[in-house]
Amino acid sequence: MATRPISLALLTVILLAVIYLVAFPDGGFKLFGSSPSCATGSTASSAIQLAGAVDVRVLIGIVTVPGAYERRALLRLAYSLQPRPVRAVVDVRFVLCAVDKEEDRILVSLEIIAHGDILVLDCTENMNDGKTYAYFSAVPRLFAGSPYDYVGKTDDDTYYRVASLADSLRGKARRDAYHGYLTPCHWRPEKQYMSGMGYVVSWDVAEWIAATPALRDDHDDWEDVNFGGWLRKGGRYKNVYNEEPRMYDYWDREMDNDVNCFRHEHTPDTVAVHKLKDRLKWARTLHYFNATQGLRPSKMYNVDLQNNMYRV
């Protein structure tokens, strides 16, 4: 009498397995081939398939905090809908320290299951007290099996245009490279450093950081100031690439602040825009770069993007 229910249960399991394999042949839902939802290029498996075509591989870590769910959701959309960079892999990951709150432990776990784009480091959440070291020192170990050419850090109020970033790195040095926006702009070179809005170093620099534990407690200033100081003291401040004016702070004509060397209107060749502190700044930035151009006409809605109107 027990044979029939067991057979039905077994048949159900087999049927679900077949449906899963047909729907998700790569083992899960992913937006870009074998990439997680926030990757704009590909992971190691697809990079192997494209080995003949890919000539630059970049990892970008977005430093954020566990409770910033809305910002991560916006960034996933903004990055996943960007056009793929040509002959490049740019993987974007969110970087958190230890997740302590009960609600965050559960909700961040759901994000990890759904998107696979979060790195949780062994550190206490902070901005200038060691998180940057924790990230760069962990990367060589986490990705030892498939090293990147470059490793970058950025803030969650910065929008990188990944194709422009890849193009700006293509052909640059693969050792002792330091790429970003030099600040204070037009000042004494020996005092400049790459703005914390976003900077990229070559893989060997990340390996050097991981192999230099003394840097763990060397953080007596803003994290970007400290980082530039590390490279100078360690003799790694050699191949420096300043992306001014292609990296800049957001500005529009409704703001009280004036245009200057680090703050100006959007430009077509932008690499990164910083200080996108609210939804309106994000919306205007994404509109400028035609992020909604893939919106297809439908009788289900009437959208007037030019006049910022939405009607059903």
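Residues numbered from 1 in each chain as written. Predicted model: local features only at pLDDT ≥ 70, side-chain atom pairs only at ≥ 80, totals over all residues. Heavy atoms only, no water.

Engineer: Outline the overall build of the protein, supporting the account with residue identities and numerical values.
Structural biologist: Counting secondary structure elements, the protein contains 9 helices and 14 strands. Looking at the 312 residues of the protein, the share that counts as buried comes to 46%. Contacts spanning at least 24 positions in sequence make up 71% of the contacts within the protein whose residues lie at least 6 apart. If you sum the accessible surface of the protein, you get close to 16,700 Å²; carbon and sulfur atoms cover 59% of it. (Helix = DSSP H or I, 4+ residues; strand = E, 2+ residues; numbered from the N terminus. Buried < 20%, exposed > 50% of the residue type's maximum accessible area, 1.4 Å probe, protein only. Contact = heavy atoms within 4.5 Å. Areas by Shrake-Rupley, 256 points an atom, 1.4 Å probe, with all protein chains shown as cover.)

Engineer: Could you give me a rundown of the packing of helix α5 (residues 131–142) against helix α7 (residues 203–210), with the residues and numbers involved?
Structural biologist: For the pair α5 and α7, the least separation of the axes is 7 Å and the interaxial angle reads 110°. Relative to α7, the element α5 is oriented roughly perpendicular. Taken together, the residues of α7 that come into contact with α5 (itself represented by Y133, F136, S137, V139 and P140) are W203, A206, E207, I209 and A210. Looking at the contact of α5 with α7, its residues break down into 8 nonpolar, 1 polar and 1 charged. (Axes fitted to C-alpha atoms, helices over the stretch in contact; angles between N-to-C directions. Parallel < 35°, antiparallel > 145°, perpendicular 65-115°, else oblique. Nonpolar A, V, L, I, M, F, W, Y, C, P; charged D, E, K, R; others polar.)

Engineer: Quick rundown of the sheet that holds strand β2 (residues 88–96)? Include the residues and the values.
Structural biologist: Taken together, the 7 strands give an open sheet; going across it, the order is β3-β2-β1-β4-β9-β6-β10, and neighbouring strands pair in mixed fashion. Because the sheet does not close on itself, it has two edges, and the strands there are β3 (118–120) and β10 (239–242). Direction aside, the axes of adjacent strands within the sheet are offset by 20° on average. Strand contacts of helix α6 (residues 162–169): β1 (56–63), β2, β4 (150–155), β6 (177–180) and β9 (198–202), with the helix running at about 125° to β1, the strand carrying the most contacts. (Pairing = 2+ DSSP bridges.)

Engineer: Just give me the short version of the nonpolar core, but keep the residues and values in it.
Structural biologist: Core analysis: the biggest nonpolar cluster contains 38 residues, and V58, Y79, Y159, Y160 and L165 have the highest contact counts within it. Among the secondary structure elements, those contributing two or more residues to this core are β1, α3 (69–80), β2, β5 (159–160), α6, β11 (247–249), β12 (272–274) and α9 (279–288). It is β2 that contributes the most residues to this core, 5 residues altogether. With residues near it in sequence (within four places) discarded, Y159 still touches A78, Y79, Q82, V271, A272, V273, L276, W282, T285, L286 and F289. Counting residues in hydrophobic clusters, the runner-up holds 30 residues, among them L59, L119, L121 and A134. (Core = buried A, V, L, I, M, F, W, Y, C linked by side-chain atoms within 4.5 Å.)

Engineer: For empty space enclosed by the protein, give the residues involved together with the corresponding values.
Structural biologist: Summed over the entire model, instances satisfying the criterion amount to 1 cavity of 30 Å³ or more. Estimated volume of the largest cavity: approximately 70 Å³. As for the largest cavity, its lining consists of M127, N128, D129, G130, K131, T132, Y133, H219, E223, N226, F227 and W230. Sorting the residues of the lining of the largest cavity by element identifies α5 and α8 (223–233) as the ones contributing at least two each. The biggest single contributor to the lining of the largest cavity is α8, with 4 residues. (1 Å grid on protein atoms, 1.4 Å probe; cavity = no way out; pocket = protein on both sides within 12 Å on 5 of 7 lines; lining within 4 Å. Points joined across faces, edges and corners; volume = space filled by probe spheres on them.)

Engineer: Report on the layout of surface pockets, specifying residues and quantitative values.
Structural biologist: In this structure, the second largest pocket encloses a volume near 670 Å³. Lining the second largest pocket are 28 residues, with M127, D155, G196, E223 and H274 sitting closest to its centre. For the lining of the second largest pocket, the secondary-structure elements that each account for two or more residues are α5, β4 and α8. No other element matches α8, which puts 3 residues into the lining of the second largest pocket.

Engineer: Just give me the short version of the pattern of salt bridges, but keep the residues and values in it.
Structural biologist: Across all of its chains, the model carries 26 salt bridges by this definition. Note that K153 and E223 form a salt bridge whose closest N and O atoms lie 2.6 Å from each other. Of this pair, K153 sits in strand β4 while E223 sits in helix α8, placing them 70 residues apart in sequence. Since its relative accessible area comes to 2%, K153 is described here as buried. On the basis of relative accessible area, E223 is assigned to the buried category, the value being 10%. The partner of K277 in a salt bridge is D157, and the shortest N-O contact between them spans 2.7 Å. Of the two residues, K277 is situated in the loop between β12 and α9 and D157 in the loop between β4 and β5; the sequence distance between them amounts to 120 residues. Here K277 falls in the exposed class, since its relative accessible area comes to 56%. Overall, D157 belongs to the buried group, its relative accessible area being 5%. Where salt bridges share partners, they join R175, D176, D204, R236 and K238 into one cluster. (Salt bridge = Lys/Arg side-chain N within 4 Å of Asp/Glu carboxyl O.)

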